[in-house]
Amino acid sequence: MQRTVSYMGMVCAKYEEMISIMCNSCLSPRQIAEKAGVSTSAVYRIRAGYLVKMEIMGKVCAALGVKCEDVLDYERMERYRKERKEK
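Predicted model, so just to flag it, every value in this text is computed and none were measured.

S.K.: Would you take a moment to explain the pattern of salt bridges for this structure?
M.R.: Close approach of charged atoms allows side chains with opposite charge to pair. Applying the stated criterion across every chain, the model contains four salt bridges. The partner of Glu 55 in a salt bridge is Lys 59, and the shortest N-O contact between them spans 3.5 Å. Placement of both Glu 55 and Lys 59 in helix H4 (residues 54-64) is noted, with a separation of four residues, approximately one turn of the helix. Taking the relative accessible area as the measure of exposure, Glu 55 reaches 54% and is therefore exposed. For Lys 59, a relative accessible area of 35% puts it in the partly exposed group.

Put into structure tokens, the structure is as follows:
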């Protein structure tokens, strides 16, 4: 089991993988948002690889039937965390 490295409670996904999963779901971003109970902009932020709250990522992953740990970009989150420490 891999440990989640979050940046101030925020996580980001591997955006290429999320785009693929969302396309394979045959659901529009609006439909994914409705199914997950989140805003459409949150779905677009995840798809673009931006940082989002872990709770939102979990809801979208559950709506798409994937595990968060399979799509989280641990390397990028670690880089954000290190950059923040240096400031």
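S.K.: Explain the nonpolar core here, please?
M.R.: Generally speaking, nonpolar side chains in soluble globular proteins are found buried as a group. Ranked by internal contacts, the top residues of the largest apolar core, which has 25 residues, are Met 18, Met 22, Ile 46, Met 57 and Val 60. Going through the elements one at a time, helix H1 (15-24), helix H2 (29-36), helix H3 (40-48), H4, helix H5 (68-71) and helix H6 (74-86) are the ones with two or more residues in this core. Top element by residues in this core is H4. It accounts for five residues.

Conventions and cut-offs
Residues numbered from 1 in each chain as written. Predicted model: local features only at pLDDT ≥ 70, side-chain atom pairs only at ≥ 80, totals over all residues. Heavy atoms only, no water. Salt bridge = Lys/Arg side-chain N within 4 Å of Asp/Glu carboxyl O. Helix = DSSP H or I, 4+ residues; strand = E, 2+ residues; numbered from the N terminus. Buried < 20%, exposed > 50% of the residue type's maximum accessible area, 1.4 Å probe, protein only. Core = buried A, V, L, I, M, F, W, Y, C linked by side-chain atoms within 4.5 Å.

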